[in-house]
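# Per-entry structural report
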Amino acid sequence: SFICACRNNHFETIKLMLSVSNINVNLMDNYGRTGFYFACSNASYSVVAHLLEDARVDVMLSDKSNLSPLMISAYKGFTEVVKRMWKYIKKQGLQ
């Protein structure tokens, strides 16, 4: 699934799955975590950067504990992911 590909940093699989027009990139697991959330929580910078280029990805979705992808990245100390996300959030006016 898309979530598994993101969780395991399978970049080529993610690119292939994103080429499918009707894929639900915001699908959540039982804890409310999306593929984007997993990419951020695993410091998968290349996956995060690629997903930020896809308008279907909702970067603001929080899990059931109300942790957003930005918050989990910051908590884990993934500075480069946080910087990339913050730049995107500011550019999109999502603050």
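In what follows, the accompanying structure is described.

Inspection of the secondary structure puts Thr-34 in the loop between α2 (11–18) and α3 (35–41). A polar side-chain atom of Thr-34 sits 3.1 Å from the main-chain amide nitrogen of Tyr-37. Here Thr-34 is in contact with Ile-3, Asn-26, Leu-27, Met-28 and Leu-61, once residues within four sequence places are set aside.

The next thing to look at is the nonpolar core. Of all hydrophobic cores here, the largest spans 22 residues; its most connected members are Phe-2, Ile-14, Phe-36, Val-48, Leu-51, Val-59 and Met-85. Looking at this core, the elements that each hand over two or more residues are α1 (2–7), α2, α3, α4 (45–52) and α6 (79–92). Not counting residues within four places of it along the chain, the set of residues in contact with Met-85 comprises Phe-36, Cys-40, Val-48, Leu-52, Pro-69, Leu-70 and Ser-73.

Taken as a whole and judged by the stated rule, the model has 1 aromatic pair. Ring geometry for Tyr-37 versus Phe-38: centroids 6.2 Å apart, planes at 85 degrees, classification edge-to-face. Like Tyr-37, the residue Phe-38 is buried in the burial classification. When the ring centre of Phe-38 is taken as reference, the NZ or CZ atom of Arg-7 above it lies at 4.6 Å.

Attention shifts here to the state of the cysteines. In this structure the tally under the stated criterion is 0 disulfides. Its sulfur unpaired, Cys-4 is 9.4 Å from the next cysteine sulfur, which belongs to Cys-6. Cysteine Cys-40 remains unbridged, with the sulfur of Cys-6 as its closest cysteine sulfur at 9.5 Å. Note on Cys-40: relative accessible area 0%, which makes it buried.

Per the counting criterion, the structure on display carries 4 salt bridges. Measuring nitrogen to oxygen at the nearest pair gives 2.7 Å for the salt bridge that ties Arg-56 to Asp-54. The exposure class of Arg-56 is partly exposed, given its relative accessible area of 29%. Of the residues examined, Asp-54 reaches a relative accessible area of 13% and is grouped as buried. Close ionic contact of Glu-80 with Lys-83 constitutes a salt bridge, the shortest N to O distance being 3.5 Å. Note that Glu-80 and Lys-83 are positioned in helix α6 at a spacing of 3 residues, about one turn of the helix.

Rules used throughout
- The residue count restarts for each chain, going from 1 along the sequence in the order it is written.
- Reporting in this predicted model follows two pLDDT cut-offs: at least 70 for local features of residues, and 80 or more for side-chain atom pairs to be given and counted; totals over whole chains, interfaces and linings ignore these cut-offs and use all residues.
- Think of the side-chain values as coming from all heavy atoms in the structure, minus any hydrogens and water.
- Numbering of helices and strands runs from the N terminus; a helix is a DSSP stretch of H or I covering at least four residues, while a strand is a stretch of E covering at least two.
- For the purposes of these results, a polar contact is taken to be a pair of N or O atoms within 3.5 Å, where, inside protein, one atom must be able to donate a hydrogen and its partner to accept one; residues adjacent in sequence count only when each atom of the pair is a side-chain atom.
- Contacts are residue-level and defined by heavy atoms, with any inter-residue pair within 4.5 Å sufficient.
- Nonpolar cores are built from buried Ala, Val, Leu, Ile, Met, Phe, Trp, Tyr and Cys residues. Side-chain atoms within 4.5 Å join them into one set.
- Whether a residue is buried, partly exposed or exposed follows from its accessible area with a 1.4 Å probe, protein chains only, as a fraction of its type maximum: under 20%, in between, or over 50%, in that order.
- Whether two aromatic rings pair depends on their centres lying within 6.5 Å, for rings of Phe, Tyr and Trp, where Trp uses its six-membered ring; planes under 30 degrees apart make the pair stacked, over 60 edge-to-face, and the rest tilted.
- Charges are assigned to positions over rings by a cutoff of 6 Å between ring centre and Lys NZ or Arg CZ, combined with an angular limit of 35 degrees from the ring normal.
- Put simply, a disulfide is two cysteine sulfurs that come within 2.5 Å.
- The rule for a salt bridge is simple: a side-chain nitrogen of Lys or Arg has to be within 4 Å of a carboxyl oxygen of Asp or Glu.

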